[in-house]
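Observations on the three-dimensional arrangement
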Amino acid sequence: MKFTTPATRNPIDQLKIVGRPTDRIDGPLKCTGTAPYAYERHDIAPNAAHGYIVGAAVAKGRIVSVDTAAAKRAPGVLAVVTAANAGKLGKGKFNTAHLLGGPNIEHYHQAVAVVVAETFEQARAAAGLVRVRYEKKPGRYDLAAAKPTAGVPKKEEKPDTSVGDFARAFEEAPVRLDATYTTPDQSHAMMEPHATLALWEGGKLTVYTSNQMVDWGRKDLARTLGLPPANVRLVSPFIGGGFGGKLFLRAEALCAALGARAARRPVKVALQRAIMMNNTTHRPATIQRIRIGAARDGKISAIAHESWSGDLPDGQPETAVQQTRLLYAGAHRMTALRLATLDLPEANAMRAPGEAPGMMALEIAMDEMAEKLGMDPIAFRILNDTKVDPEKPVRPFSERRFAECLRLGADTFGWKKRNPRPGQVRDGRWLVGLGVAAAFRNNLVMKSAARVRLDRAGKVTVETDMTDIGTGSYTIIAQTAAEMLGVPLERVEVRLGDSDFPISAGSGGQWGGNSSTAGVYAACVKLREAVAQRLGVAESEAVFADGAVRAGGRTVPLVQVAAGAELVGEDIMEYGDLDKKFQQSTFGGHFVEVAVDAYTGETRVRRMLAVCSAGRILNPKSARSQVIGAMTMGVGAALMEELVVDQRHGFFVNHDLASYEVPVHADIPHQDVIFLEEADPVSSPMKAKGVGELGICGVAAAVANAIYNATGVRVRDYPITLDKLIAKMPLSS
Ligand code: MOS
């Protein structure tokens, strides 16, 4: 089905089930510990052997020799696989060549061997006996040092943009800001490590794994192993968090497949936590320069944003300037992405790649600029709001209620009580401040397919390879099918995450919720047509409600319609060039109150509010959970998260959850989330958009701005740890 705009009235608009706060249908499985995660498929392979990965001990170099003799002789060992005996490995679409290193080593903790044994402990002990000798080569590990060598990223479709004459307009602007901000390398740090159980039957491979994008993973595993895609099945029904770290095939899946082939046994591998952060992808550090010029009345005339990041050779940049192309008006503007080659682990997507670190910089810059202008930071943002793509003014936003989010947030949060002069509000030993930032994240729509069955018992089953990474996909998909077919939620079973099912949009870039349910909508339309046809009526005249179909003066229960034979509807929702006609984005405002200890510089977040404009909210309960989770991650980005680079040896030093700090409950106060009531007629028949990434974009800057308001200390280098504050605190002298 091709989506045509604007979305007209459709069964979803009844909002009997969609749009209502709904408990997760997978909740009982999660709460009772019975959701089948990949590493726990004892039901599938009770005899699975265990694989343990050996990570490279150098960041760049060559393997001179690998001695596996002692490991092979160790108790319980079934096989040791290295690049030397793995057979020829093909290249996948998403950098799978890096997954098993040797003879060349491209980054620290790159997998160089997998040891398979009867038990986990035996595999781990034997892995310690693998002797690898390296010839170390010098590498580049310092972004700041590599910045002058950065070039235009080759893979990026639009590395630079320019409208008007920025240089001149900036020169002529009476009020100007020119500031540089830095964000550190960050790790997804999800709860469930990358884990895979691999089984071979003849030449066919099945992997039970933890992966956000089932079809990408299946195809890349096939390409890497040189198998026809039809011979690979990938199953990923439950995922303990991903945040972008599980978008692609990773080493543990390949090593499980290779290990299982060598050991002639099902093999499971979980990436050890201690190698996850250097073995897998991470959000790369950025250096961002922002220049803004405005008239005295606050109108921006010139805005420029340049971002530098690093990646392995042939890699990709962090697209941190993305929001600056769209968020604020201004006649003269430019953006640029520059990429340096670094020999650190692979840089890639982490929750809201681009905007998450981009907003960390831009929204401090906006706060600084408002102060220079003597304006309230909310009024300054609203003054520079735009209804069209500022780089291409013929292209409107499908929906943009940014100013409304800021106004409603200001009223709700009590912004009027903020003292605009920093460092003025005391509460005992604490300095108290309020901060605001915009929220912005693009909304992508992706084609997505599904199959819906109505069986002879009247039960509805949805099948799609969509994933649920903790987001609530199971529930919104059930809500969609129930609404479309007029049956209660309990009558719908949702089966996800299996490459045997129709190919969905998958979970990434906050496109999953809207795109996957739109695919289910399309399949349900097909099923409605099949039902109507069986009754000899037109689908447009049939009303699906209360478990029955009303048409032509009669009411027939669905169970009766399908009594003779099961009915099936299958379709894909596609969008054509919709994104050329409209700019689709999600908007919001983040409000934060912090208290900073006047003597130690310790920051405590006291209150948070997010107001979101993100289309129809399909399930306000799980959407709220998405946003508060994202806000929590934003606090981590502001105050704690940083992969520390060892500049001599080229690796992330704090590669475990003890030393890579993320917020815990004690760090997070009460959080409020408000969704504007809306339905975007251009996004899909669901009229929904994404919220899971919108929730993180801007949070860290709101924290930074609140810290400034509290203390008068402006920190432009994240995370804002107390060492960056303490020397400059008002009472420190
Ligand atoms: Mo998201 S970083 O595309 O999972």
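Definitions and cut-offs
Residues numbered from 1 in each chain as written. Predicted model: local features only at pLDDT ≥ 70, side-chain atom pairs only at ≥ 80, totals over all residues. Heavy atoms only, no water. Helix = DSSP H or I, 4+ residues; strand = E, 2+ residues; numbered from the N terminus. Rg over C-alpha atoms; globule rule 2.2 N^0.38 Å. Buried < 20%, exposed > 50% of the residue type's maximum accessible area, 1.4 Å probe, protein only. Contact = heavy atoms within 4.5 Å. 1 Å grid on protein atoms, 1.4 Å probe; cavity = no way out; pocket = protein on both sides within 12 Å on 5 of 7 lines; lining within 4 Å. Points joined across faces, edges and corners; volume = space filled by probe spheres on them. Nonpolar A, V, L, I, M, F, W, Y, C, P; charged D, E, K, R; others polar. pLDDT = per-residue confidence, 0-100. Pairing = 2+ DSSP bridges. Axes fitted to C-alpha atoms, helices over the stretch in contact; angles between N-to-C directions. Parallel < 35°, antiparallel > 145°, perpendicular 65-115°, else oblique. Left-handed = near helix turned anticlockwise from the far one by under 90°.

Further remarks concern the overall build of the protein. When you go through the protein residue by residue, the secondary structure sums to 18 helices and 29 strands. In terms of overall size, the protein behaves like a compact globule, its C-alpha atoms giving a radius of gyration of 27 Å where 733 residues would be expected to give roughly 27 Å. Counting only C-alpha atoms and orienting by the principal axes, one finds that the protein spans roughly 80 × 75 × 50 Å. Looking at the protein residue by residue over its 733 residues, the buried ones come to 62%. For the protein, the proportion of contacts with a sequence separation of at least 24, taken over those separated by at least 6, is 82%.

With that settled, the discussion passes to empty space enclosed by the protein. Once rolled over the atoms, a probe with the size of a water molecule shows which space is left empty. This structure, assessed with the given rule, holds three cavities of 30 Å³ or more. Volume-wise, the largest cavity comes out at about 60 Å³. H194, T209, S210, N211, L234, K246, F248, L249, R250, E252 and A253 are the residues that line the largest cavity. The residue inventory of the lining of the largest cavity, partitioned by class, reads four nonpolar, four polar and three charged.

A cis amide bond, omega -15°, links T5 with the succeeding residue P6. Mapped onto the elements, P6 comes out in the segment before α1 (27-31). Residues Y718 and P719 are joined by a peptide bond in cis, for which omega reads -10°. Within the fold, P719 resides in the loop between α17 (699-711) and α18 (722-726). Unusually for a residue other than glycine, L15 sits at a positive phi of about 55°. Along the chain, the position of L15 falls in the segment before α1. We classify L15 as partly exposed; its relative accessible area is 29%. Look at K687: it is not a glycine, yet its phi comes out positive at around 60°.

On to the confidence of the model for the protein. For the protein, mean pLDDT is 97; residues scoring 70 or higher make up 100% of the total. Taking the mean pLDDT of every element in the protein, the minimum, 84, falls on helix α15 (residues 578-581) and the maximum, 99, on strand β13 (residues 286-294).

What follows covers the sheet that holds strand β21 (residues 543-545). Read from one edge of the open sheet, three strands run β21-β22-β23, paired in antiparallel fashion. This sheet does not close on itself; its edge strands, each paired only once, are β21 and β23 (554-557). The average angle at which neighbouring strand axes cross in this sheet is 25°, direction not considered. Pairing geometry for β21 and strand β22 (residues 548-551), over three bridges, is antiparallel. Bridging across to β22, V543 finds its partner in R550.

The subject of this paragraph is the environment of A48. You can see A48 is positioned in the loop between α1 and β1 (49-55). Apart from residues no more than four positions distant in its own chain, A48 is found in contact with E118, L197, R265, P266 and K268.

Both faces of strand β12 (residues 267-270) are covered, namely the face carrying V267 and V269 and the face carrying K268 and A270. Strand direction decides the pairing type here: β1 and β12, joined by three bridges, are parallel. Bridge pairing in β12 places H50 opposite K268. Across four bridges, the pairing between strand β9 (residues 195-201) and β12 is antiparallel. By the bridge assignment, T196 is partnered in β12 with V269.

Next up on the list: the packing of helix α6 (residues 214-225) against helix α7 (residues 251-263). Two elements in contact, α6 and α7, have axes separated by 11 Å at closest approach and are oriented at 50°. In terms of orientation, α6 and α7 fall into the oblique class. By crossing handedness, the relation of α6 to α7 is classed as right-handed. Of the residues in α7, those in contact with L221, T224 and L225 of α6 are L254, A257 and L258. The class makeup of the residues in the contact of α6 with α7 is five nonpolar, one polar and no charged.

We now examine the packing of helix α16 (residues 620-639) against α17. One way to put it is that α16 packs onto α17 with a least axis distance of 7 Å and a crossing angle of 55°. One element, α16, and the other, α17, form an angle in the oblique class. Of the two possible hands of crossing, α16 and α17 adopt the one that is right-handed. Between α16 and α17, the residues in contact are M631, G634, V635, A637, A638 and L639 and V699, A700, V703 and I707, respectively. Looking at the contact of α16 with α17, its residues break down into nine nonpolar, one polar and no charged.

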